[in-house]
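Architecture at a glance
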Amino acid sequence: MYGWNGKILRVNLSTDKVSVQEYNAEFAKKFVGGRGFAIKILWDELKPGIDPLSPENKLIVSVGPLTGLPGPSLGKIVIAAKSPLTGGYGDGNLGSMAAVYLRKAGYDAVVVEGKAKKPSYLYVEDDKTYILSAEGIWGLTTFEAEEKLKEIHGRNTGVLVIGPAGENLVRYATVISQEGRAGGRPGMGAVMGSKNLKAFVFKGTKDIPLADPQEYRKLVDQCYEEIKSSANYEFWIRQGTMATIEWCQENAVLPTYNFKEGVFEYARLIDGYSMEAMKIKRRGCPFCNMACGNVVVDAEKKEAELDYENVAMLGSNIGIGHLGKVSVLNRMADEYGIDTISLGSCIGFIMEATEKKLTKEGVEWGDYKKVKELIEDIAYRRELGNFLAEGTMRMAEKIGGESKKWAMQVKGLEISAYNCYSVPGMALAFGTSSIGAHHKEAWVIAWEIKTDRTGYTKAKVDKVLEFQRIRGGMFECLVSCRLPWIELGFNLEWYPKLLKAASGVTISLDEMYYGVADRVYALIRAFWVREFGGKWDRNMDYPPARWFEEAPTKGPYKGTTLSRDGYNQLLSQYYAERGWDERGIPRRSTLEKLGLSDVVVELEKYTSLTQ
Ligand code: SF4
């Protein structure tokens, strides 16, 4: 095979057994890589109902057939497992040299199972794999641990690492690389911690086999040129995703005070222009010529990397209108290995509970000093931090009463930084995202606000599906960054061309969307249904009650909420378009059409399927 290495590295940390599995071209074409490989392996191999933090869970890092090759924003890696936050399928991706070196070592994925007897890390150097002691590294922050591992193994390595939050099983602990690249929101860092696995270190020196190297190089030059000549390129380089603060404020969708409001009185102080005044450099993922990591000097005179989501969730959502301080909180989250979106949501939730006098020990809106202490306490699961380390769904179960209504999550995963009380299409995107409420799949909000903000139309369902197929399907399986396309209008037709030149295999965009992406979505949904069995129903795809019942009091859309009937109608249309039944479960005929007949047999053990 060209393009794909055709090899998956298998590691059992309980037995120290290491093996290599080969896979064939049919598997490659059906699932492509990244998220596709991960869900297929988890579906086939994971025993249903296992504790996600037990040795039985399997942790997968996987890349795609273009990963490791030069090309626009292709240096990313997926990390996936059953999620300790949601109990369903969890994954995330991050840009890292680990993606490049894993491919150059000759693999397309690593599957880790079991649990090491003592803290360890995995070191892969071409054909050699070692499970090494993490003594002296366990307990360090992600920044310190990566530095130490590079001192040991050299600078030409790629490292994926967890911090104290992952070690202490914080349910939304992430995996970090290169001091600021973060991925695996639904607790992939905690899964690593539960396996006593501090890090992956990859070093590879092999060439990735290409079908047509000359053609590939020619295409890549053209791709980079198209990105650079985009009208928006210069402004993107200045602000990256940070421009979104201003846009969200203007459109009254900036999450503010635990999503109670959509506008923030201090938005100007945390927006892209304030960031520009503090910016000292840019950082980015490998092979990216539009690097979007804005590095600033924070209020403690240290470097921190900012993007929209973390500034909104650790700024307006918790009432902090000082970018230097928000930068400190963000850096701390990266050092400890905590997801900034869930973190900002959990802190916003406890602040609201404090305001409503529902907790003995609380935190006031905007209390920066207390938030700093709290982040450390979350990472080490101390006192109130131990409660917040569980995520908003479990926090609301404990607090009880009406608090579930303003625990801003779907399926247990906290909602990313868009307040959708008056944007139904984006609410549907959060409701149906395959890992819980995440924006990476169907970020339709910009299109929706431009076209028809408050309507409940079929066009919105179609847009969500279109974006899920492109972003959650094609990009997550190729493991390619979505930002060149969504932000700078990079033409999607380049991807099949690049794939053909790299692998010799033709997968058209239509096949990517209606074959690979739909197959992967159906399989992920089957995974959720199998895990939840009889408890699964369409309510799992609903956003929190706040968006239906409590209107913001400020901004141009004050007094507006989502309509339950309207949302319900969108959801039914979405299911129908996907070929899923009214419960949101793939129909037998849909699974068969997607080449998943084996899934029918397995899923029928857990629920009845509709024809
Ligand atoms: S645009 Fe940003 S997230 Fe995407 S590959 Fe480049 S640096 Fe990474």
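First things first, this report covers the structure right here in the doc.

Our next topic: the packing of helix α13 (residues 340-355) against helix α14 (residues 368-379). In contact at an axis separation of 12 Å, α13 and α14 are set at 120° when each is read in the N-to-C sense. If you check the angle between α13 and α14, you find them oblique. Crossing of α13 against α14: the hand is right-handed. In this structure, α13 uses Leu 343, Ile 347, Ile 350 and Met 351 to contact α14, whose residues at the interface are Val 371, Leu 374, Ile 375 and Ile 378. Of the residues in the contact of α13 with α14, the class split is eight nonpolar, no polar and no charged.

A volume near 510 Å³ is recorded for the largest pocket. Lining the largest pocket are 18 residues, and of these Lys 404, Gln 409, Lys 411, Asn 539 and Tyr 542 lie nearest its centre. For the lining of the largest pocket, the elements supplying multiple residues, two or more each, are α16 (392-399) and β16 (409-410). Among the elements that make up the lining of the largest pocket, the one with the highest residue count is α16 (three residues). Along the lines of polarity and charge, the residues of the lining of the largest pocket split into nine nonpolar, four polar and five charged. In this structure, the second largest pocket spans a volume of roughly 410 Å³.

This part is about the site of the ligand. The environment of the ligand is formed by Ser 73, Lys 76, Gly 284, Cys 285, Cys 288, Met 290, Ala 291, Cys 292, Cys 481 and Leu 483. Taking a 2 Å distance to the grid points as the criterion, the majority of the atoms of the ligand fall inside the largest cavity. In terms of residue class, the shell around the ligand is made up of seven nonpolar, two polar and one charged.

This next bit is on the nonpolar core. In this structure, Tyr 89, Tyr 216, Ile 338, Ile 347, Leu 388, Met 474 and Trp 547 are the most contacted members of the largest nonpolar core, which totals 173 residues. Here the element with the most residues in this core is helix α22 (residues 509-532); it accounts for 13 residues. Among all residues touching Tyr 89, those that are not within four sequence positions of it are Arg 35, Ala 38, Ile 39, Leu 42, Ala 80, Ala 81, Ser 434, Ile 435, Ile 524, Phe 527 and Trp 528. Ranked by size, the runner-up nonpolar core spans 30 residues in total, among them Ile 77, Leu 94, Ala 99 and Ala 116.

Read from one edge of the open sheet, six strands run β2-β1-β6-β3-β4-β5, paired in mixed fashion. Either end of the sheet is taken by a strand with one partner, and the two such strands are β2 (17-22) and β5 (89-95). Recorded for the sheet is a direction-independent mean angle of 15° between the axes of neighbouring strands. Summarising the sheet, strand β3 (residues 59-62) and strand β4 (residues 76-82) pair through three bridges and their orientation is antiparallel. Bridge assignment links Ser 62 to a residue of β4, and that residue is Val 78. Seen against the sheet, helix α2 (residues 34-45) touches β1 (7-12), β3, β4, β5 and β6 (109-113) and runs at an angle of roughly 155° to β3. Packing against the sheet, helix α3 (residues 97-104) makes contact with β3, β4 and β6, and its axis sits at approximately 90° to β4.

Below, the discussion takes up helix α4 (residues 142-153). Given 3.6 residues per helical turn, the α-helix brings residues three or four places apart onto the same face. Look at α4: 16 Å from first C-alpha to last across twelve residues, which is about the 16 Å you get at 1.5 Å a residue. Listed as buried for α4 are Thr 142, Phe 143, Ala 145, Glu 146, Leu 149, Lys 150 and His 153. For α4, the angular spread of the buried residues around the axis is 165°, confining them to a single face. Against the buried residues of α4 lie β7 (120-125), β8 (128-133), β9 (158-161), β10 (175-177), β12 (197-203) and α12 (323-336).

Right, let's get into the pairing of β9. Neither face of β9 is exposed, since Gly 158 and Leu 160 on one face and Val 159 and Val 161 on the opposite face are all buried. Sheet topology note: the β9/β12 ladder contains four bridges and is antiparallel. Within β12, the residue paired with Val 159 across the bridge is Val 201.

Across all of its chains, the model carries four cavities of 30 Å³ or more by this definition. When its volume is computed, the largest cavity comes out at roughly 910 Å³. As for the largest cavity, its lining consists of 50 residues, and the residues nearest its centre are Lys 76, Ala 182, Asp 307, His 439 and Arg 482. Broken down by secondary-structure element, the contributors of at least two residues to the lining of the largest cavity are β5, β11 (181-183), β15 (303-306), α11 (308-314), α12, α13 and α20 (483-488). Ranked by residues supplied to the lining of the largest cavity, first place goes to β5 with five residues. Roughly 50 Å³ of internal volume is contained in the second largest cavity. The element best represented in the lining of the second largest cavity is helix α19 (residues 458-478), accounting for three residues. Residues belonging to the lining of the second largest cavity are distributed by class as follows: two nonpolar, two polar and five charged.

Time to look at the environment of Glu 234. For Glu 234, the position within the fold is in helix α8 (residues 233-239). The exposure class of Glu 234 is exposed, given its relative accessible area of 58%.

Cut-offs and rules
- Residues numbered from 1 in each chain as written.
- Predicted model: local features only at pLDDT ≥ 70, side-chain atom pairs only at ≥ 80, totals over all residues.
- Heavy atoms only, no water.
- Axes fitted to C-alpha atoms, helices over the stretch in contact; angles between N-to-C directions.
- Helix = DSSP H or I, 4+ residues; strand = E, 2+ residues; numbered from the N terminus.
- Parallel < 35°, antiparallel > 145°, perpendicular 65-115°, else oblique.
- Left-handed = near helix turned anticlockwise from the far one by under 90°.
- Contact = heavy atoms within 4.5 Å.
- Nonpolar A, V, L, I, M, F, W, Y, C, P; charged D, E, K, R; others polar.
- 1 Å grid on protein atoms, 1.4 Å probe; cavity = no way out; pocket = protein on both sides within 12 Å on 5 of 7 lines; lining within 4 Å.
- Points joined across faces, edges and corners; volume = space filled by probe spheres on them.
- Near = heavy atom within 4 Å.
- Sits in = over half its atoms within 2 Å of the grid points.
- Core = buried A, V, L, I, M, F, W, Y, C linked by side-chain atoms within 4.5 Å.
- Buried < 20%, exposed > 50% of the residue type's maximum accessible area, 1.4 Å probe, protein only.
- Pairing = 2+ DSSP bridges.
- Expected span 1.5 Å × (residues − 1).
- Arc of directions from axis to C-beta.

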